[in-house]
Each structure stands twice: as structure tokens, then as C-alpha cells.
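# Observations on the three-dimensional arrangement
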Amino acid sequence: MAEKSYLDLKSEVWDPGRCSGCGACIAVCPADALFFEEGEMVTSPKSNGYCKQVTDGVLCGACYEVCPREGDQPSDTLGEYLNLIAAKAAFDVPRRQTGGAVTAILTNALDEGLIDAVVTVTEDRWTQKPRSVVITKSEVLIHEAGSRYSWWVPLLSSLKNAVIDKKYRRIAIVGVPCVVQAIARMRASNNDLIKPYATSIRLIIGLFCTETFDYASLVLGKLKSEKKIDPTQIKKMDVRGKLEILMQNGEKASLSLKELESCVRKGCHLCTDLTSLLSDISAGSVGSPAGSTTLIIRTSTGSSFVDNAVQNNKLIITGGVDKGEIEKLARTKIEKNSKNQYKVIR
Ligand SMILES: Cc1cc2nc3c(=O)[nH]c(=O)nc-3n(C[C@H](O)[C@H](O)[C@H](O)COP(=O)(O)OP(=O)(O)OC[C@H]3O[C@@H](n4cnc5c(N)ncnc54)[C@H](O)[C@@H]3O)c2cc1C
Ligand code: SF4
Ligand code: SF4
């Protein structure tokens, strides 16, 4: 695989519209040659034209190797797991998306010194613009809880900052399934250029994800220009069969998913992973009662982080979950998007 370069990625993933926007290729490029441009519906990265492999004939192939859109896409609903529970934070997480369980597990891990940093997505509170960040303090994590649906920011680009610049060696990542797939490829790789990333990642928390929206198309286009909804006044967004918006003054607005079709990121149309099949712990809302987070604990690593948070009274297990409900949503996503696998998405 090492003789592949960004040109192969361009022809196989960027040009046919298959890119998910995870940012893994940008993170691992040793020449810092790949980047995302700002703008509306930016579907894939670009290259500045320099490439170790192509320009200098030095073996690399790092970008190609980590891309989750190379190879077959998954077709499983729940995947392998050890335990399936509903849980919530044992303390107040004002901005939590569902039960705050993700924040509880991660703050406990930071406070206990089990991890050095969390790589995740937050947003600018005024513009709702998402940004990829490295967080090292539990109070910041609590302040930044909640889901970002208008997500185009390549999350994994900040991984480079955490691994190469800051030299953190016990990193937790929170990501949607395409990000989790890219991390799994890093962990499975023998490429020396990728090893520092693989060995620095201690925990992967994967969020459930049906689709994400392009920030400029959704927030600036659909909400601000068309619906006259001021992004600076949005308190919370949630997607439950429709987009529900809670404003700072308590007013509510909602938009049907049909209305939002043009804002969905192109690469999401061929994604068949709802539950982050390759994570240590997956987290979602479907399957649990309101106020709790569904947790799929998949690995012994995931299990030990959850157990530790429960023992330290940070996380409360509230009961079991409706497995059928999760499988139903996962199957719907697989059926909808499997047919797009070999299409060129425009
Ligand atoms: C784009 C998107 C789509 C989703 N779709 C579904 C769905 O269809 N069905 C379902 O059941 N659940 C879905 N979820 C998951 C759900 O919204 C909650 O994230 C999950 O239930 C965990 O809730 P929590 O209260 O425990 O998390 P919290 O305690 O609120 O913590 C959430 C953590 O996730 C991080 N985060 C937020 N947005 C992102 C992002 N885009 N990428 C990476 N990290 C992020 C935050 O920084 C925070 O650390 C989706 C989440 C996202 C981001
Ligand atoms: S899916 Fe991720 S790794 Fe693949 S080209 Fe897109 S941003 Fe790069
Ligand atoms: S639907 Fe798939 S491709 Fe789109 S953001 Fe979610 S995990 Fe990534």
C-alpha cells in the first residue's frame, strides 16, 4: 500500500465525492501538504502540490492508508460488544446532549490521570461554527458538552497538534463513525509515519451518526438567510426525526429532514455505519429513555473507563436499552446508503 499517494486518494475518493471529511489524511501527511478550504459544501481536501511520494520518490502513502473511504464499507448494525447500557452523568452537565455520559466518562478519565487530552469538536457560541480542539481540563469539557450536527470541520486535523506538537501519549478521541473508522485504520497500520498516532490513542468514543450537515449551507444558508434564525441566539440543536432548535429566549423552531436534504454533507450519502462499530465505547440517544445516553461498551478498554467512572460516582447506570430500536435505525441507514456505494456523488 505504501506506493499509493494523494493522487490515488484524489481519483478514488475526492473526485467521486466519497470523502467523509474526517481529516485523517490531513493529520498524517508528514509534509503538511493537504488542507480543507473554507466555504460552502467543501466536499474534500486539496493538495498544495507537494508530495513526498510523487515529488521526491520517498515511500509514504500515509494519507491513502488511513482513509476510511478506501475499501468496503461496513454492513453491520450493532457490531461486537461486551455490554449495552443506559447511563447518565452523576453531576450537572448543563449543555449535555442526552445523558451527559460521554462527558462523565471523559472528565473522570482526565481527573484520574487515565488520559492526558481529549480530541473532539466544539463550536463558536456566537456563530455556531464548529472547530476541532484538544481539551485537557475537565471543566472545559463540561462547558463544551453537546452534539455538533453542522459538522464539516475535519476533526482529526487537531490530532496532529495533540500527537506531534504537544506530544500527548494518552489521548481520548470523540468522533462520529467515519472518524472512528480512520482511527481504526491508524491502529492497524504498519507504516512508521502513522505509528505515533496509533500508539498515542488510548480511548475511542464513537457517537452514533445518521448524517451531518455542512455548516455554511445549514447555519448561514438555510437557518440565517432563509428562515431568519439568528445563529448567535441558538442555545441547542437536536436531531430526532427532524432538526429541533431551542433559542436562548426559550422559543423553539423545527425543520423537517426533507427541508435539510441539500445541506447534508455529500460524503454522508454513502455511509453505512450508524453506531461507530470500531470504537471502544459507542454513545447515542436512540434506545434509551430521555435523560440517559445509550452506551455500547465494545472492548475491555472501554469497559475499564466506564467501570472507573461508576466507581468514582461520576457515572450512573440507569438501566438496559431497547436494542431493537438501535438495530432498526442502523438497518435503515444501511439500506438507504448501500445503494450509493459505487455512485459518483455530486
Ligand atoms: C453529527 C451527530 C449526529 C448524531 N446522530 C445521532 C443519531 O442519529 N441517533 C442517536 O441516537 N444519536 C446521535 N448522535 C449522538 C447524540 O447526539 C449524543 O452525542 C450522544 O447520545 C452522547 O450524548 P451525551 O449527552 O452522553 O454526550 P455529551 O456529554 O453531551 O458529550 C458529547 C461529546 O461529544 C463531542 N462532540 C459533539 N459533536 C461532535 C462531533 N460532531 N464530532 C466529534 N465530537 C463531537 C463533544 O465535544 C462532547 O465531548 C449524533 C451525534 C452527532 C455529533
Ligand atoms: S475521508 Fe477522511 S481520510 Fe479520506 S480523503 Fe476524506 S478527509 Fe481524507
Ligand atoms: S454520516 Fe457517516 S460520513 Fe457522515 S459524518 Fe456521520 S459517520 Fe461521517
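Predicted model only: the values in this text are computed from it and were never measured. Position numbers for residues start from 1 in each chain and track the written sequence from start to end. Chains carry letters from A onward and ligands carry numbers from 1 onward, assigned in written order. For a predicted model such as this one, the threshold for reporting local features is a pLDDT of at least 70, and the threshold for listing and counting side-chain atom pairs is 80 or more; totals across whole chains, interfaces and linings nevertheless cover every residue.

When helices and strands are tallied, the chain shows 12 helices and 13 strands. Here the globule rule reads 2.2 Å times residues to the power 0.38, and the radius of gyration is calculated from C-alpha atoms. Computed over the C-alpha atoms, the radius of gyration of the chain is 19 Å, within 12% of the 20 Å expected from 2.2 N^0.38 for a compact globule of 346 residues. By its C-alpha atoms, the chain is 55 × 45 × 35 Å across when sized along the principal axes. Here the chain, with 346 residues, has 48% of them falling under the buried criterion. Strands are runs of DSSP state E lasting at least two residues, helices are runs of H or I lasting at least four, and both sets are numbered from the N terminus onward. Comment: burial labels come from other C-beta atoms within 10 Å of the residue's own C-beta, placed from the backbone, where a count of 20 or more is buried, 12 or fewer is exposed, and between is partly exposed.

Attention shifts here to the site of ligand 3. As a rule, any residue with its backbone-derived C-beta atom within 6 Å of a molecule or strand is reported as near that molecule or strand. As a matter of local geometry, ligand 3 sits amid Ser20, Val176, Pro177, Cys178, Cys209, Glu211, Thr212, Arg265, Gly267, Cys268 and Cys271. Residues are sorted three ways: Asp, Glu, Lys and Arg are charged, Ala, Val, Leu, Ile, Met, Phe, Trp, Tyr, Cys and Pro are nonpolar, and all the rest, Gly among them, are polar. Across the shell around ligand 3, the residue classes break down as six nonpolar, three polar and two charged.

Right, let's talk about the domain arrangement of the chain for a bit. Segment limits for the domains were obtained from an automatic or database-derived domain assignment. Considered domain by domain, the chain is made up of domain 1 (6-66), domain 2 (83-209 + 268-338) and domain 3 (215-263). With centres defined by C-alpha atoms, the gap from domain 1 to domain 3 works out at 31 Å.

Let us look at the nonpolar core. Within the largest apolar cluster, 85 residues are counted, with the highest numbers of intra-cluster contacts made by Cys25, Val28, Cys63, Val66 and Ile105. Taken domain by domain, this core gets at least three of its residues from each of domain 1 (6-66) and domain 2 (83-209 + 268-338). Each residue is represented by a C-beta atom placed from its backbone, and any two residues with such atoms within 7 Å are regarded as in contact. Beyond its immediate sequence surroundings of up to four residues, Cys63 is in contact with Tyr6, Leu9, Cys25, Val28, Cys29 and Leu34. Joining buried Ala, Val, Leu, Ile, Met, Phe, Trp, Tyr and Cys residues through C-beta atoms within 7 Å gives a set, and that set is a nonpolar core. Formed by 11 residues, the second largest nonpolar core is a distinct cluster that contains Tyr215, Leu218, Ile234 and Ile245.

Looking at ligand 1, there are 34 residues lining it, with Val102, Thr103, Gly284, Val286 and Thr293 nearest. Breaking the shell around ligand 1 down by element, the ones donating at least two residues are helix H5 (101-111), strand S4 (117-123), strand S6 (171-175) and strand S11 (281-284). For the shell around ligand 1, the class distribution of residues is 16 nonpolar, 15 polar and three charged.

Here the focus is the sheet that holds strand S8 (residues 234-239). Should DSSP find at least two bridges between two strands, the strands are regarded as paired. Spatially, the three strands line up as an open sheet ordered S8-S9-S10, and their pairing is antiparallel. Each edge of the sheet is formed by a strand with only one pairing partner; in this case those strands are S8 and strand S10 (252-256). Each neighbouring strand pair of the sheet contributes to a mean axis angle of 15°, computed without reference to strand direction. Note that S8 and strand S9 (residues 242-247) share five bridges and pair antiparallel. The residue of S9 that forms the bridge with Met237 is Ile245. Fitted lines through C-alpha atoms give the axes, limited to the stretch in contact for helices. The angle between two N-to-C directions lies from 0 to 180 degrees.

Moving on, we come to the sheet that holds strand S12 (residues 293-297). Read from one edge to the other, the open sheet built from eight strands follows the order S5-S4-S6-S7-S11-S12-S3-S13, with strand pairing classed as mixed. Edge strands, defined here as strands with exactly one partner in the open sheet, are strand S5 (130-135) and strand S13 (315-319). With strand direction ignored, the average angle separating the axes of adjacent strands in the sheet is 30°.

Moving on to the pairing of S12. Most of S12 is tucked away: five of the five residues are buried. Of the two faces of S12, the one holding Thr293, Leu295 and Ile297 and the one holding Thr294 and Ile296 are both buried throughout. Here strand S3 (residues 83-89) runs beside S12; their pairing, made up of five bridges, is antiparallel. Paired with Leu84 across the strands is Ile296, a residue of S12. Note: S11 against S12, four bridges, orientation antiparallel.

Let's shift gears to helix H12 (residues 323-338). A helix is expected to span 1.5 Å multiplied by its residue count minus one. Relative to the 22 Å expected for 16 residues at 1.5 Å per residue, H12 spans 22 Å between its end C-alpha atoms, a close match to the ideal helical length. Looking only at H12, the buried set comprises Ile326, Ala330 and Lys333. One side of H12 holds all its buried residues, which, seen down the axis, span an arc of 60°. Exposed residues pointing more than 90 degrees away from the buried face of H12 are listed as Gly324 and Glu335. Against the buried residues of H12 lie S12. This arc is taken over the directions from the axis of the helix to the C-beta atoms.

What follows is about unusual backbone geometry. You will see that Met41, though not glycine, has its phi angle at about 45°, which is positive. Note on placement: Met41 falls in the loop between strand S1 (34-35) and strand S2 (46-47). Phi at Lys228 is positive, roughly 55°, even though this residue is not glycine. Position of Lys228 relative to the elements: it lies in the loop between helix H10 (215-226) and S8.

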